[in-house]
Amino acid sequence: MFIKKCLSVKMLSTILPPRIGLIFFIFFQLLVPDALFAKGKQAVKIAYLTQTQKVLPALSNLDPIIENKGVSGAELAIEDNNTTGEYTKQQFSLEKFIVPLDGNVANIFNQKIAKKYAYVVTNLAPDLTNTVADLAEAKDVLLLDVATVDDALRNKECRVNVLHLLPSRAMRADALAQYMMKKRWTKWFLVIGNTKEDKLFAEAIKLSAKKFNMNIVQEKIWEHTFDARRTAQSDVAVFTQLDEDYDVLVVADEQGQFGEYLDYRTWIPRPIMGTQGLVATSWHRTHEQWGATQIQNRFKEKAGRWMEEEDYGAYLAVRAIGEAATRTKSNDLQPIKDYLLSDQFALQGYKGTSLSFRSWDHQLRQPVLLAAPRSLVAVAPIEGFLHPKTELDTLGYDQPETTCKWGKSSE
């Protein structure tokens, strides 16, 4: 009945004078609720779960303080999904659940998400990610992790109901190592911060050095102050004065407490890489190739800022669901999950090649950008690094190396 009325309105708008007919038709569309136009479409409901985090002060006043990274990327992806949904008769929706800093994430999941949503994009700390994954109510839910980079969550602490969208620390370290190998910078000086995350990144760097036959000539823990003036004037020069020469200084400072002070202040002039200087990342504002400029501009118009890694991860997560739902013509969990982990799944990620999930650890295989603050330097895998299946698997843990239980059992 409603369709007949719509057709009548369209016919009437063609009978009336052109300008009046157009105004009449637009006025009718504005009055009719969107829900009526969506009637008859297959609904794909997605939840977005995050917790407010204590925002750390920026190292520089030039750096903006950004809260709620990720949400805008998910919202942009919903728009893209629904553009395709107009042709596939599918309607995608996103419901956001932002837990306060002192709130209970598990309770919110059980009370508001479980049994209502089959797909949940999670922007949570590593421990909370697995806490949610282990809930009884999460057994029949697919979690798409857009925040963690921990290698443990892709190995011994892996969960069968979690997909990981951001590159792991191992993937980032391998990307840097490939570039340094190409440049023949084989001798590294490793500087490590004092946080747990810094030590985890340092471990990934050490594994990459061993994997690509590089030599860490010395490693040091940064134990000086984080006072910029004092550090710049004296500490860095003395700290980096070694008995043995090195090609590159690799820094592990994920919180950004001291890494920015190193450049131009070392005892001998050497490039800085790692968490500062040349960084390995899934997304960067300097990236412009393969349609990246268009999505950068669309995101900036929507959010009023540059796209961050969490935004990109959330965008990919929602788009992955949309791609799988479109291809399977279903909104059911099992066929969509099966397709996401199949060899047929291919996701456009604006990096020159299709992205897909590794069956052995549920990590999204993808190129890793190597970027300086104001320029894109390279994209890994670097040319010349080969693999029997895909060069993307030269980054991070390949299937023979995984310690994820179902990855090992499928060999």
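Here we summarise the structure given alongside this text. (Residues numbered from 1 in each chain as written. Predicted model: local features only at pLDDT ≥ 70, side-chain atom pairs only at ≥ 80, totals over all residues. Heavy atoms only, no water.)

Things to note about the overall build of the protein chain
A count of helices and strands for the protein chain gives 13 helices and 14 strands. The long-range fraction of contacts in the protein chain, counting pairs at least 24 apart against all pairs at least 6 apart in sequence, stands at 68%. Surface accessibility of the protein chain: about 20800 Å² in total, with carbon and sulfur atoms responsible for 52%. (Helix = DSSP H or I, 4+ residues; strand = E, 2+ residues; numbered from the N terminus. Contact = heavy atoms within 4.5 Å. Areas by Shrake-Rupley, 256 points an atom, 1.4 Å probe, with all protein chains shown as cover.)

Considerations on the nonpolar core
Among the nonpolar cores identified, the biggest contains 42 residues, and Ile 46, Tyr 119, Leu 165, Leu 316, Leu 340 and Phe 357 are the most heavily contacted of them. Mapped by element, the contributors of at least two residues to this core are β1 (42–51), α4 (71–88), β2 (90–99), β3 (119–123), β4 (142–145), α10 (292–303), α11 (309–328) and α12 (333–340). With 10 residues, the top contributor of residues to this core is α11. With residues near it in sequence (within four places) discarded, Leu 340 still touches Leu 142, Leu 163, Ala 320, Ala 324, Phe 345 and Phe 357. The next biggest cluster of nonpolar side chains, apart from the first, holds 30 residues, and it includes Leu 176, Val 248, Ala 252 and Val 368. (Core = buried A, V, L, I, M, F, W, Y, C linked by side-chain atoms within 4.5 Å. Buried < 20%, exposed > 50% of the residue type's maximum accessible area, 1.4 Å probe, protein only.)

A look at the pairing of β1
One face of the sheet, then the other: side chains in a regular strand alternate in exactly this way. Burial analysis of β1 places 7 of its 10 residues in the buried class, the great majority of the element. Where β1 meets β3, 5 bridges bridge the pair, whose relative direction is parallel. Considered in β3, the bridge of Tyr 48 is made with Val 121. (Pairing = 2+ DSSP bridges.)

Details of the pattern of salt bridges
Pairs can form between side chains of opposite charge once their charged atoms are near each other. According to the stated counting rule, one finds 19 salt bridges in the structure shown. Two residues, Glu 75 and Lys 96, come together in a salt bridge whose shortest N-O distance is 2.6 Å. On the criterion of sequence distance, the pair formed by Glu 75 in helix α4 and Lys 96 in strand β2 is long-range, its members being 21 residues apart. Judged by relative accessible area, which is 22%, Glu 75 ranks as partly exposed. (Salt bridge = Lys/Arg side-chain N within 4 Å of Asp/Glu carboxyl O.)

A closer look at the packing of aromatic side chains
The final tally for this structure, using the stated rule, is 11 aromatic pairs. An aromatic cluster of at least three residues, connected via ring pairs, comprises Phe 189, Trp 222, Phe 239, Tyr 246 and Phe 258. Its end group placed over the ring of Tyr 117, Lys 45 keeps NZ or CZ at 4.9 Å from the ring centre. Lys 300 extends its terminal NZ or CZ atom over the ring of Trp 306, reaching a point 4.0 Å from the ring centre. (Phe/Tyr/Trp six-rings, centres within 6.5 Å; stacked < 30°, edge-to-face > 60°. Lys NZ or Arg CZ within 6 Å of the ring centre and 35° of its normal.)

A word on unusual backbone geometry
Put simply, Ala 380 and Pro 381 share a cis peptide bond, and its omega is 10°. Relative to the elements of secondary structure, Pro 381 occurs in the loop between β14 (375–380) and α13 (405–409). Positive phi values are uncommon outside glycine, yet Arg 184 reaches one of about 60°. Summarising the element assignment, Arg 184 is placed in the loop between α7 (169–183) and β6 (187–192). Even without a glycine there, the phi angle at Lys 329 is positive, about 55°. Locating Lys 329 in the fold gives a position in the loop between α11 and α12.

Quick notes on the state of the cysteines
Applying the stated criterion to the full structure yields 1 disulfide. Each sulfur of the disulfide joining Cys 158 and Cys 404 lies 2.1 Å from the other. When the S-S torsion is 95°, as for the bridge of Cys 158 with Cys 404, the disulfide is right-handed. Taken together, the residues Cys 158 in the loop between β4 and β5 (162–164) and Cys 404 in the loop between β14 and α13 connect sequence positions 246 residues apart. Residue Cys 404 is classed as buried on the basis of its relative accessible area of 0%. (Disulfide = S-S within 2.5 Å.)

Concerning the side chain of Asp 174
For Asp 174, the position within the fold is in helix α7. The exposure class assigned to Asp 174 is buried, which follows from its relative accessible area of 3%. A polar contact of 2.8 Å, which involves the side chain of Asp 174, links it to the side chain of Lys 211. Those residues in contact with Asp 174, other than ones at most four positions away along the chain, are Ser 208, Lys 211, Phe 212, Thr 394, Leu 395 and Gly 396. (Polar contact = N/O pair within 3.5 Å; in protein donor to acceptor, adjacent residues only side chain to side chain.)

Things to note about the environment of Asn 104
Tracing the sequence through the fold places Asn 104 in the loop between β2 and α5 (105–113). Among the polar contacts listed, one links the side chain of Asn 104 to the backbone nitrogen of Ala 106, at a separation of 3.1 Å. A distance of 2.9 Å separates a polar atom in the side chain of Asn 104 from the backbone nitrogen of Asn 107.

So, the sheet that holds β4
Read across the sheet, 5 strands follow the order β2-β1-β3-β4-β5 without closing on themselves; strand pairing throughout is parallel. A strand with exactly one partner marks an edge of an open sheet, and here the two such strands are β2 and β5. Going across the sheet, the axis of each strand differs from the next one's by a mean of 25°, ignoring polarity. Direction of pairing for β1 relative to β2: parallel, over a ladder of 10 bridges. Within β2, the residue paired with Ala 43 across the bridge is Gln 91. Contacts from α5 reach β1, β2, β3 and β4 within the one sheet, and its direction differs from that of β1 by about 160°. Along the sheet, α12 makes contact with β3, β4 and β5, crossing β4 at roughly 40°. (Axes fitted to C-alpha atoms, helices over the stretch in contact; angles between N-to-C directions.)

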